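An overview of the molecular structure
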Amino acid sequence: MNLKPFEAVPPLDGAGQDLPHLSGPAAAIRQVLAAHFVRECPHVLEIGGHLRPVTGYLTHAPLSVTSIDPKTAEHEAEELNGRPCRVRHIARKFQDVELDYAPRSYGLVLLGYSLKPFGRREPLGELLFSLVDNAKVVVIDYSPQVDRAVSQVPAILARPALANHCSFELKLDDPEIGDTPFARRRFHVLHPSGKAA
């Protein structure tokens, strides 16, 4: 792997090569919001960063950033924004990556949530729920018109270890996506509830 500094310059051109809703003028709004909500987290774990990981939008100095998505460009670096940080972009399914975070040490980012099964393993299961339950902050964004997301997100929101910090709906007035199901978004930020999972 090529180890080089990762500069926080969001890739706009060509970012939505296979998904046009990732390349329009409003495409970065979700990442900017997620970066804001995980700014107190020493580690950031993103599942589903696709071609536009949250890494380039982070403004704080985390110790590590890991973005996992089969379509992400593989990347490793030891700096982020000129500061020491272990950056890893891993082109695999999250179920196939070994992760070892101390409880409440990381922010979990799930933008464009729409996880698919991995072989015989369902996306909602012990591994994902463990990551969700032990996060310091969970940020979820999804389209309410994507059936897979609508059927799975309520199970995450109902986890007893989490409480809603805030939630809101976004309407992205972007000509690139205006007539698609991706213009309307639901955004949730969850914090630990103090209750056991």
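Our next topic: the overall build of the chain. If you tally the helices and strands in the chain, you get three helices and eight strands. Accessible surface, the chain: about 9700 Å² in total, of which carbon and sulfur atoms supply 51%.

What follows covers the environment of Ala-27. Along the chain, Ala-27 falls in the segment before α1 (29–37). Ala-27 sits in the buried class, given a relative accessible area of 4%. C-alpha separation for the pair Ala-27 and Arg-52, spaced 25 residues apart in sequence, amounts to 9.0 Å.

The subject of this paragraph is helix α2 (residues 126–133). Among all positions of α2, only Leu-128, Phe-129, Leu-131, Val-132 and Asp-133 are buried. In this structure, the buried residues of α2 make contact with β1 (43–47), β5 (106–110), β6 (137–142), α3 (147–157) and β7 (162–171).

Attention now goes to α1. Residues of α1 that are buried: Arg-30, Gln-31, Ala-34, Ala-35 and Phe-37. Considered in projection along α1, the buried side chains sweep an arc of 165° and stay on one side of the axis.

Glancing now at the packing of aromatic side chains. Tallying each qualifying case throughout the model produces three aromatic pairs. With 4.9 Å between their ring centres and 40° between their planes, Tyr-101 and Tyr-106 make a pair best called tilted. Note that Arg-159 overlies the ring of Phe-129, its terminal NZ or CZ placed 4.1 Å from the centroid.

Taken as a whole and assessed by the stated rule, the structure comprises five salt bridges. The closest approach of N and O atoms between Asp-141 and Arg-30, which form a salt bridge, is 2.5 Å. Pair noted here: Asp-141 is in strand β6 and Arg-30 is in helix α1, with a separation of 111 residues, a long-range link. For Arg-30, a relative accessible area of 6% corresponds to the buried category. A cluster of three or more residues bridged by salt bridges with shared partners is formed by Arg-30, Asp-141 and Arg-185.

Counting buried positions along β6 yields six of six residues, so the element is predominantly enclosed. Across the two faces of β6 the burial is the same, with Val-137, Val-139 and Asp-141 and Val-138, Ile-140 and Tyr-142 all buried. With four bridges connecting them, β5 and β6 associate as parallel partners. Paired with Val-109 across the bridge in β6 is Val-139.

Here we take up the sheet that holds strand β4 (residues 83–90). Here we have eight strands laid out as an open sheet, ordered β3-β4-β2-β1-β5-β6-β8-β7, and mixed in their pairing. Edge positions in the open sheet fall to β3 (75–80) and β7, since each of these has one partner strand only. This sheet shows a mean twist of 15° between the axes of neighbouring strands, independent of strand direction. Sheet topology note: the β7/strand β8 (residues 184–192) ladder contains nine bridges and is antiparallel. Bridging from a neighbouring strand, Leu-162 pairs with Pro-192 of β8.

The next thing to look at is the environment of Leu-110. For Leu-110, the position within the fold is in strand β5. Distance from Leu-110 to Gly-49, taken between C-alpha atoms, is 7.8 Å for residues 61 residues apart in sequence. Dropping the residues within four chain positions of it, Leu-110 is found in contact with Ile-47, Val-138, Val-139, Ile-140 and Asp-141.

With glycine set apart, most residues show a phi of negative sign, and most peptide bonds adopt trans. In this structure, His-50 is a non-glycine residue whose phi angle is positive, near 50°. Along the chain, the position of His-50 falls in the loop between β1 and β2 (64–68).

Let us look at the environment of Glu-46. Positionally, Glu-46 belongs in strand β1. Glu-46 gets classed as buried once you look at its relative accessible area, which sits at 2%. Sequence separation of Glu-46 and Val-109 is 63 residues, and the distance between their C-alpha atoms is 4.5 Å. Apart from the residues lying within four places of it in its own chain, the contact partners of Glu-46 are Pro-53, Val-54, Thr-66, Ser-67, Ile-68, Val-109 and Leu-111.

What counts and how
Residues numbered from 1 in each chain as written. Predicted model: local features only at pLDDT ≥ 70, side-chain atom pairs only at ≥ 80, totals over all residues. Heavy atoms only, no water. Helix = DSSP H or I, 4+ residues; strand = E, 2+ residues; numbered from the N terminus. Areas by Shrake-Rupley, 256 points an atom, 1.4 Å probe, with all protein chains shown as cover. Buried < 20%, exposed > 50% of the residue type's maximum accessible area, 1.4 Å probe, protein only. Contact = heavy atoms within 4.5 Å. Arc of directions from axis to C-beta. Phe/Tyr/Trp six-rings, centres within 6.5 Å; stacked < 30°, edge-to-face > 60°. Lys NZ or Arg CZ within 6 Å of the ring centre and 35° of its normal. Salt bridge = Lys/Arg side-chain N within 4 Å of Asp/Glu carboxyl O. Pairing = 2+ DSSP bridges. Axes fitted to C-alpha atoms, helices over the stretch in contact; angles between N-to-C directions.

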